[in-house]
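For reference, the chains in residue letters:
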Amino acid sequence: MQNNNSSSDLSLNLNVRGMPLSATLYINELSNSLKQQGKKVYKFGLGQSPFPVPKVVVDELRSNAFQKDYLEVKGLKPLREAVAEYHSRRNNIECSADNVLIGPGSKELMFLLQFVYYGELVIPTPSWVSYAPQANIIGRQIAWIKTKEENKWRLLPEELHNICEKDHYKPRIVILNYPSNPTGLTYSCDELQELADVARRHRVILLADEIYGGLTFNGNHCSIARFYPEGTIISGGLSKWCGAGGWRLGTFTFPEPLSGLLSGMAAVASETFTSTSAPIQYAAIKAFSEGIEIERYLWNARKILKALGTQIHSILYNDGIESPEPDGAFYLFINFKNFSEKLKAKNIITGFDLTTRLLEDTGVALLPGSAFGRSEGEYTARLSYVDFDGARAMAAAETIRPEDPLPDGFTERYCAHQMEGVRAIVDWVKSL
Ligand SMILES: Cc1ncc(COP(=O)(O)O)c(C=O)c1O
């Protein structure tokens, strides 16, 4: 992997010296150079919503373009109220504007949290690419929990217990991300209740990264904050369910006993980014207040993603590329372990070798499992099914009655490039 600063003789912070470019960037660069050579590329390495921002939210941004003042560091009060009401309504928890912090993306808020809190970060893998690098930059300890495929990559209560029991008094933040990037899997309410019981027993802080909550296929996202309200911070934002990653708006919702963390983060924010973009905050009020247009948008987004995710899952599964069936978001965490012998015979030894060779041979870009905290030798990879024209697919879905399923052939018609890339993966493993 490329290293952008190792040869420098500058006096770099030791936590940053030698840090590689993320795997995502590397695969993107390779994809771009193949594209420039005239090759067809299937961008299944991206983690961005394919859908446009809902029109009502764009209209709101347009009419607030004139907003130019610096806003309160914690975020615009009516927006914080809307976020608090959103969580009270959806997750049945008590919170008010005072419990909410707005930032330029939830990623930035996670960084501030790790900076402000002095403790260990517990990360179940496979996990999103940025949690661990952030901890490394700040110099925090990481405790990894390797979840198992046979448990559908979910963290089990006993696994959480075992790590906490080693030193019951150690301050800890445990990250739970569901629906998950990279697996597309979520937890049932019962499973969350059991995890919450363990978290309470060991008094850990839970960071519930629910950025994909609105994209749970059955529309019934359940938050662990319901079962452990006093110790759970809910992380969310506009990037995924609202398709507005580039707008950069994230939200953290804190329980009252953790308000000291909110104040600490706000103090650091006041000395760094000051406040989140004003027009975006005004527009976000509309998004978090929901309403019929947003409901319809989410209904159709989930319908399309569910149809596509389950279809791709079954095509790959039938040909031996396994993964659990997805529950939400737009990812599959696929495993090529059934082809281990053949891969080794071709000198494909690591997951990174696998994704690089697949990209060179077929133009399909995936991210190796090692980018998500799995071991180098594991033949796992993340497939994002977002390489289609989301605006076109959404417009087509809007013409279908909400209670009706998408017609046969919908994905072949509106996600043709995506489906072609999936078949290229199948053909590749057959040709090994
Ligand atoms: C699991 C997860 N958490 C957090 C983020 C960060 O989102 P943002 O900073 O855009 O709010 C992402 C973005 O890809 C993600 O996949």
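It should be noted that the structure appears before, not after, this text.
What counts and how
Residues numbered from 1 in each chain as written. Predicted model: local features only at pLDDT ≥ 70, side-chain atom pairs only at ≥ 80, totals over all residues. Heavy atoms only, no water. Near = heavy atom within 4 Å. Polar contact = N/O pair within 3.5 Å; in protein donor to acceptor, adjacent residues only side chain to side chain. Areas by Shrake-Rupley, 256 points an atom, 1.4 Å probe, with all protein chains shown as cover. Helix = DSSP H or I, 4+ residues; strand = E, 2+ residues; numbered from the N terminus. Nonpolar A, V, L, I, M, F, W, Y, C, P; charged D, E, K, R; others polar. Buried < 20%, exposed > 50% of the residue type's maximum accessible area, 1.4 Å probe, protein only. Contact = heavy atoms within 4.5 Å. Pairing = 2+ DSSP bridges. Axes fitted to C-alpha atoms, helices over the stretch in contact; angles between N-to-C directions. Left-handed = near helix turned anticlockwise from the far one by under 90°. Expected span 1.5 Å × (residues − 1). Disulfide = S-S within 2.5 Å. Salt bridge = Lys/Arg side-chain N within 4 Å of Asp/Glu carboxyl O. Core = buried A, V, L, I, M, F, W, Y, C linked by side-chain atoms within 4.5 Å.

1. Overview of the site of the ligand
Inference 1: Lining the immediate surroundings of the ligand are 14 residues, of which Ser106, Asp209, Tyr212, Ser239 and Arg248 lie closest.
Inference 2: Between Tyr212 and the ligand, the recorded distance is 2.8 Å, taken from a side-chain N or O atom to an oxygen atom.
Inference 3: Taking Lys240, its side chain carries an N or O atom lying 2.8 Å from an oxygen atom of the ligand.
Inference 4: For the ligand, the protein covers 93% of the area, taking 400 Å² as the surface of the free molecule.
Inference 5: Ranked by the residues each element gives to the shell around the ligand, the list is headed by helix H4 (residues 106–116), at three residues.
Inference 6: Residues belonging to the shell around the ligand are distributed by class as follows: five nonpolar, five polar and four charged.

2. Let's talk about the environment of Ile138
Inference 1: Looking at the element boundaries, Ile138 is found in helix H5 (residues 131–138).
Inference 2: Take Ile138: its relative accessible area is 14%, and that puts it in the buried class.
Inference 3: Separated by 23 residues in sequence, Ile138 and Phe115 place their C-alpha atoms 6.3 Å apart.
Inference 4: Not counting residues up to four positions away in its chain, the partners in contact with Ile138 are Asn15, Phe111, Gln114 and Phe115.

3. Topic: the sheet that holds strand E12 (residues 380–384)
Inference 1: Pairing is antiparallel in the open sheet, where three strands are placed in the order E9-E12-E11. The open sheet has two edge strands with one neighbour each: strand E9 (331–335) and strand E11 (367–368).
Inference 2: Sitting on the sheet, helix H10 (residues 292–318) is in contact with E9 and E12, with an inclination near 10° to E9.

4. Focus: the packing of helix H2 (residues 55–63) against helix H9 (residues 278–289)
Two packed helices can be described by the angle between their axes and the distance between those axes.
Inference 1: Interhelical geometry of H2 versus H9 gives an angle of 150° and a closest axis separation of 8 Å. At the point where H2 passes H9, the crossing takes the right-handed sense. Contacts between H2 and H9 involve Val56, Val57, Glu60 and Leu61 from the former and Pro279, Ile280, Tyr282, Ala283, Lys286 and Ala287 from the latter.
Inference 2: Looking at the contact of H2 with H9 residue by residue, the class counts come to eight nonpolar, no polar and two charged.

5. Comments concerning helix H15 (residues 416–430)
Inference 1: Taking 1.5 Å of rise per residue, the 15 residues of H15 would be expected to cover 21 Å, and the 21 Å separating its terminal C-alpha atoms lies within 8% of that figure.
Inference 2: Taken residue by residue, H15 has Gln418, Met419, Gly421, Val422, Ala424, Ile425, Val426, Trp428 and Val429 as its buried positions.

6. Considerations on the state of the cysteines
Each disulfide is one covalent bond, formed between the sulfur atoms of two cysteines.
Inference 1: What the rule picks out here adds up to one disulfide.
Inference 2: A disulfide bridge connects Cys189 with Cys222, and the sulfur atoms are separated by 2.4 Å. On the S-S bond that ties Cys189 to Cys222, the torsion sits near 125°, and the link is right-handed. Placement of Cys189 in helix H7 (residues 189–202) and of Cys222 in the loop between strand E6 (205–209) and strand E7 (232–237) is noted, with a sequence separation of 33 residues between them.
Inference 3: Cysteine Cys242 shares no disulfide, and the gap to the nearest cysteine sulfur, in Cys95, comes to 19 Å.
Inference 4: Assessed through its relative accessible area of 0%, Cys242 is described here as buried.

7. Here we look at the pattern of salt bridges
Inference 1: Applying the stated rule across the entire model yields 23 salt bridges.
Inference 2: We note a salt bridge from Lys77 to Glu81, for which the minimum N-O separation is 4.0 Å. A residue pair is termed a helical-turn pair when its members lie 3 or 4 positions apart in one helix, as Lys77 and Glu81 do in helix H3 (residues 77–91) at four residues.
Inference 3: Its relative accessible area of 36% is what places Glu81 among the partly exposed residues.
Inference 4: Here Arg90 makes a salt bridge to Glu295, at a shortest N to O gap of 3.7 Å. Of this pair, Arg90 sits in helix H3 while Glu295 is found in helix H10, placing the two residues 205 residues apart along the sequence.
Inference 5: Glu295 gets classed as partly exposed once you look at its relative accessible area, which sits at 34%.
Inference 6: Taken together, the shared-partner salt bridges in this structure form one network comprising Arg89, Arg90, Glu290 and Glu295.

8. Re the nonpolar core
Inference 1: Core analysis: the biggest nonpolar cluster contains 82 residues, and Leu238, Trp241, Phe288, Phe336, Leu366 and Ile425 have the highest contact counts within it.
Inference 2: For this core, the leading source of residues is H10, giving nine residues.
Inference 3: Beyond its immediate stretch of four places on either side in the chain, Phe288 contacts Leu79, Ala82, Val83, Tyr86, Arg89, Gly237, Leu238, Trp241, Leu249 and Thr251.
Inference 4: In terms of nonpolar packing, the next biggest core, distinct from the first, is built from 26 residues, Met110, Tyr131, Phe254 and Leu261 among them.

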